[in-house]
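# Structural overview for review
Residues per chain, in single letters:
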Amino acid sequence: MHVLLTNDDGIHAPGLWALYHAFATRHLVTVVAPDRERSAVGHGITLHQPIRYEKIKANGGMTGFAVSGTPADCVKLGLAELLDTPPGLVVSGINPGANVGVNLNYSGTVAGAKEAAMAGIPAVAVSIVAPGNRYVADAARIAETICMQVVTRGIPAGTFLNINFPDLSMDAIRGVRWSRQGTLVFAQHFEKRKDPRDRTYYWQGCDRQVAYEQSDVDGAALAQHFISITPIKCDMTDYDALREMAGWEFG
């Protein structure tokens with residue numbers, strides 16, 4: 001099977017190449033990733049400047065396409081121009097840091113998978129809690145197994161999987177838990193500072209989330225040492241509200 005890999009941390013990121021090594025033993029793999037870090041760009045695309053790519057060697061000689069745009073750009077360009085044959089699967093990651101709850105709205109990793117799902121291709125986003133690389137190779141191998149289930153069993157059109165791994169050795173992980181996306185918005189803040197020319201600037205930050213609204217949400221599964229898998233729909237319509245509002249009169 002042909003697998004397209006992308007991410008939002010750039011083409012040299014260890015998590016991306018951990019996925020490459022996990023998939024390349026059994027599949028044809030093409031890497032199309034940003035040429036630099038593009039974390040938290042969401043589903044942005046490049047419209048007001050050209051998109052360029054370069055075929056480079058990374059990770060000790062492996063070949064990939066380094067693209068000047070966002071993760072969504074990478075998937076778009078890969079599908080339309082760079083791949084000789086369509087992929088049967090797109091995998092985005094492995095992101096160093098969990099992508100759960102409301103953070104799915106900001107994640108470039110998630111956007112890479114979502115862009116593929118919008119194009120009708122089975123897709124998975126993969127993240128691991130810790131910024132380090134202690135268990136990223138193990139996570140990549142398990143992700144490959146999960147992805148093969150996606151391909152074999154199928155996935156609804158317009159839906160992709162968001163997978164998050166705890167920062168634990170495989171023998172310490174308690175299992176896999178199907179979870180829903182958390183919706184709790186945790187405390188955010190801006191740190192106000194002055195530059196050497198006395199101009200105001202801000203660093204954006206947030207408090208670490210330690211509480212979850214329900215035990216069945218993605219972040220809670222991670223906190224309890226489970227691998228969290230959440231099916232995410234591209235269709236953002238609120239159908240309950242649509243039915244309720246259908247009777248509204250506007251004169």
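Summary of the structure given here.

The rules behind each value
- Residues numbered from 1 in each chain as written.
- Predicted model: local features only at pLDDT ≥ 70, side-chain atom pairs only at ≥ 80, totals over all residues.
- Heavy atoms only, no water.
- Helix = DSSP H or I, 4+ residues; strand = E, 2+ residues; numbered from the N terminus.
- Rg over C-alpha atoms; globule rule 2.2 N^0.38 Å.
- Buried < 20%, exposed > 50% of the residue type's maximum accessible area, 1.4 Å probe, protein only.
- Contact = heavy atoms within 4.5 Å.
- Areas by Shrake-Rupley, 256 points an atom, 1.4 Å probe, with all protein chains shown as cover.
- Lys, Arg positive; Asp, Glu negative; His and termini not counted.
- Charge placed at Lys NZ, Arg CZ, Asp CG, Glu CD.
- Pairing = 2+ DSSP bridges.
- Right-handed = clockwise from strand over helix to strand, strands pointing away.
- Axes fitted to C-alpha atoms, helices over the stretch in contact; angles between N-to-C directions.
- 1 Å grid on protein atoms, 1.4 Å probe; cavity = no way out; pocket = protein on both sides within 12 Å on 5 of 7 lines; lining within 4 Å.
- Points joined across faces, edges and corners; volume = space filled by probe spheres on them.
- Nonpolar A, V, L, I, M, F, W, Y, C, P; charged D, E, K, R; others polar.
- Core = buried A, V, L, I, M, F, W, Y, C linked by side-chain atoms within 4.5 Å.

### Observations concerning the overall build of the chain
For the chain, the count of helices and strands is 6 helices and 11 strands. Computed over its C-alpha atoms, the radius of gyration of the chain comes to 19 Å, within 12% of the 18 Å expected for a compact globule of 251 residues. If one aligns the C-alpha atoms of the chain with their principal axes, the spans along those axes are about 55 × 55 × 50 Å. For the chain, the residues scored as buried account for 47% of the 251 residues in total. Partitioning the intrachain contacts of the chain with sequence separation of at least 6 by distance along the chain shows that 75% fall at a separation of at least 24. As displayed, the chain has an accessible area near 13,500 Å², and 53% of this comes from carbon and sulfur atoms. The averaged location of the 25 negative side-chain charges in the chain is 4 Å from the averaged location of its 22 positive side-chain charges.

### Digging into the pairing of strand E2 (residues 28-34)
Counting buried positions along E2 yields 6 of 7 residues, so the element is predominantly enclosed. In this structure, strand E1 (residues 2-6) lies alongside E2, joined through 4 bridges in parallel fashion. Of the residues in E2, the one forming a bridge with His2 is Leu28. Between E1 and its parallel partner E2, the chain crosses via helix H1 (residues 14-24), and the hand of that crossover is right-handed. In this sheet, strand E4 (residues 62-67) lies alongside E2 in parallel orientation, the contact comprising 3 bridges. In the strand pairing of E4, Val32 is matched with Phe65.

### Details of the sheet that holds strand E3 (residues 53-58)
Note on sheets: strands pair through backbone hydrogen bonds, and any given pair is parallel or antiparallel. Pairing is mixed in the open sheet, where 9 strands are placed in the order E3-E4-E2-E1-E5-E6-E7-E11-E8. With partners counted over all chains shown, the strands left at the sheet margins are E3 and strand E8 (176-178), one partner each. Put simply, the sheet's adjacent strands are angled 25° from each other on average, direction ignored. Docked against the sheet, H1 engages E1, E2, E3, E4 and strand E5 (89-96), running at close to 140° with respect to E5. Sitting on the sheet, helix H3 (residues 108-118) touches E1, E5, strand E6 (123-128) and strand E7 (159-165), and the angle it makes with E6 is about 170°.

### Let's talk about the layout of surface pockets
If you add up the space inside the second largest pocket, you get close to 320 Å³. Around the second largest pocket, the lining is made up of 15 residues, and of these Asn105, Lys114, Ile232, Lys233 and Met236 lie nearest the centre. It is H3 that provides the largest number of residues to the lining of the second largest pocket, a total of 3 residues. Along the lines of polarity and charge, the residues of the lining of the second largest pocket split into 6 nonpolar, 6 polar and 3 charged.

### Points about the environment of Ala119
Of note, Ala119 is situated in the loop between H3 and E6. Judged by relative accessible area, which is 47%, Ala119 ranks as partly exposed. Between the C-alpha atom of Ala119 and that of Ala157, which follows or precedes it by 38 residues, the distance is 9.3 Å.

### Topic: the pairing of E3
As defined by bridge partners, E3 adjoins E4 across 6 bridges and the pair is classed as antiparallel. Looking across to E4, one finds that Glu54 is bridged to Ala66. What sits between E3 and E4 in their antiparallel hairpin is a turn of 3 residues, with Asn59 showing a positive phi close to 55°.

### Some words on the nonpolar core
Among the nonpolar cores identified, the biggest contains 37 residues, and Leu5, Phe23 and Val91 are the most heavily contacted of them. The element that contributes the greatest number of residues to this core is helix H4 (residues 136-153), accounting for 8 residues. Beyond its immediate stretch of four places on either side in the chain, Leu5 contacts Leu16, Leu19, Tyr20, Val29, Thr30, Val31, Val32 and Val91. Formed by 21 residues, the second largest nonpolar core is a distinct cluster that contains Val75, Leu82, Leu104 and Ala117.

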